[in-house]
Each structure stands twice: as structure tokens, then as C-alpha cells.
Amino acid sequence: DFRAPFRVLPQIEEATPYQLEIIVLVRSEIPDTNYGSDVTITVPCPRNCTAASATAPSGSSADYNATQRKLTFHVKKFQGGLELAFRAKITLSSICTAQTRKEIGPVSMTFEIPMYNVSNLQVKYLRIAEASQNYNPYRWVRYV
């Protein structure tokens, strides 16, 4: 049984015929004791996008790259059990159609979770069966 560490729930709403509002809700499914570091959420924008403005919760930032037509949200430290909502307004050069909505996405996310093991495998004790004079195993063992 595998559970993803983050759940991403994107929504697209039509504010006006020439403007879309994108809401990306991200929920952390990892324990409260862990956190995701350097979390980046990327949302591709449609071809007829002329401008975009984004707002992000405190502790995070939002950027729009016009050449790549991508919205990017950055979170330095995403605590476990937390839920954040990222909002963006996209201005279009032509009226929004079903094809325009299909060009938005897929939403991608990159992250690191230090000291977290998805399989819950824990090494409690380590015993070396073949003790050699010229091999130092303590170089590879880290005490936590």
C-alpha cells in the first residue's frame, strides 16, 4: 500500500471570457514530524496567455516565466500535515475555449523529504559478520 507524500488538487475557473483563475491546493500527507524541502510546483500555461499574476501563501514565492509560459511556485519548507493554496490569474489574448483549458497542465511537483522512508523500513542494529583489518565500516554508519 503506497500513499503519495503530497496530494495536488488543481482547479480552473473562468473569471471573465479573457481571464482564467487557477487554484492549486497542495496537501502534505507525510507525518507532522517530517517536512518537504525545496518544493517546486510548475503549472504550464496555454499558448494564448499574455500575462499572469500569482499569489502564494507566506513562506513561499510565485513566479511567471513568459518565455516558457510556466507558473512556478516555490516553498522552502513544507511541513507535514499542512495544506497550502496557490492562486494565479491568467490573461488570455483570445476567448477561453475547451482547447485552451486542455493546454493548462499537467501540474508537476519536485521535492525532497529528508530522513523519510516510504517503506517504513528501519535499521535498529547493524552487526558486521566479517571483521576485516583493512575495512572500516564506521565510515558508512551514521548515528541518529
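Residues numbered from 1 in each chain as written. Predicted model: local features only at pLDDT ≥ 70, side-chain atom pairs only at ≥ 80, totals over all residues. Heavy atoms only, no water.

Visitor: Can you explain the overall build of the protein chain? Please cite residues and give values.
Guide: Helices and strands together make up the secondary structure of the protein chain, namely one helix and eight strands. Along the protein chain, helices and strands appear, N-terminal first, in the series β-β-β-β-β-β-β-α-β. Relative to the globule expectation of 15 Å for 144 residues, the C-alpha radius of gyration of the protein chain, 21 Å, shows a markedly less compact shape. Dimensions of the protein chain, computed from the C-alpha atoms along their principal axes, are close to 75 × 30 × 30 Å. Within the protein chain, the fraction of its 144 residues that count as buried is 29%. A fraction of 73% describes how many contacts in the protein chain between residues 6 or more apart in sequence connect residues 24 or more apart. Accessible surface computed for the protein chain: about 10,100 Å², of which carbon and sulfur atoms make up 50%. Averaging the positions of the 16 positive and the 12 negative side-chain charges in the protein chain gives two centres separated by 3 Å. (Helix = DSSP H or I, 4+ residues; strand = E, 2+ residues; numbered from the N terminus. Rg over C-alpha atoms; globule rule 2.2 N^0.38 Å. Buried < 20%, exposed > 50% of the residue type's maximum accessible area, 1.4 Å probe, protein only. Contact = heavy atoms within 4.5 Å. Areas by Shrake-Rupley, 256 points an atom, 1.4 Å probe, with all protein chains shown as cover. Lys, Arg positive; Asp, Glu negative; His and termini not counted. Charge placed at Lys NZ, Arg CZ, Asp CG, Glu CD.)

Visitor: Go over the packing of aromatic side chains with me, naming the residues and quoting the values.
Guide: According to the stated counting rule, one finds three aromatic pairs in the structure shown. Here the aromatic rings of Phe 6 and Phe 78 are separated by 5.2 Å at their centres, their planes lie at 75°, and the arrangement is edge-to-face. Placement of the pair is Phe 6 in strand β1 (residues 6–16) and Phe 78 in strand β6 (residues 70–79), with a sequence separation of 72 residues. Accessibility classification places Phe 6 together with Phe 78 in one group, the buried group. Where Phe 73 meets Phe 86, the ring centres are 4.9 Å apart and the plane angle is 35°; that geometry is what we call tilted. (Phe/Tyr/Trp six-rings, centres within 6.5 Å; stacked < 30°, edge-to-face > 60°.)

Visitor: If you had to explain the nonpolar core to someone new, which residues and values would you point to?
Guide: Soluble globular proteins tend to bury their nonpolar side chains together. Judged by nonpolar contacts, the single largest core of 24 residues is most densely connected at Val 26, Ile 41, Leu 71 and Phe 86. At the level of secondary structure, the elements contributing two or more residues to this core comprise β2 (19–28), β3 (35–44), β6 and β7 (83–92). Here this core gets five residues from one element, more than from any other, and that element is β7. Those residues in contact with Phe 86, other than ones at most four positions away along the chain, are Ile 22, Ile 23, Val 24, Val 26, Ile 41, Thr 55, Ala 56, Pro 57, Ser 60, Phe 73 and Val 75. (Core = buried A, V, L, I, M, F, W, Y, C linked by side-chain atoms within 4.5 Å.)

Visitor: Got a sec to walk through the side chain of Ser 60? Specific residues and values, please.
Guide: Tracing the backbone shows Ser 60 in strand β5 (residues 60–65). Within polar-contact distance, the side chain of Ser 60 engages the backbone oxygen of Pro 57 at 2.6 Å. In this structure, Ser 60 is in contact with His 74, Val 75 and Phe 86, ignoring residues within four places of it in sequence. (Polar contact = N/O pair within 3.5 Å; in protein donor to acceptor, adjacent residues only side chain to side chain.)

Visitor: How would you summarise unusual backbone geometry if you had to cite specific residues and measurements?
Guide: Positive phi values are uncommon outside glycine, yet Asp 38 reaches one of about 50°. Along the chain, Asp 38 turns up in strand β3. Relative accessible area serves as the criterion here: at 41%, Asp 38 is assigned to the partly exposed category. Positive phi, close to 55°, is recorded for Arg 69, a residue that is not glycine. Considering the arrangement of structural elements, one finds Arg 69 in the loop between β5 and β6. The class of Arg 69 is partly exposed, set by a relative accessible area of 31%.

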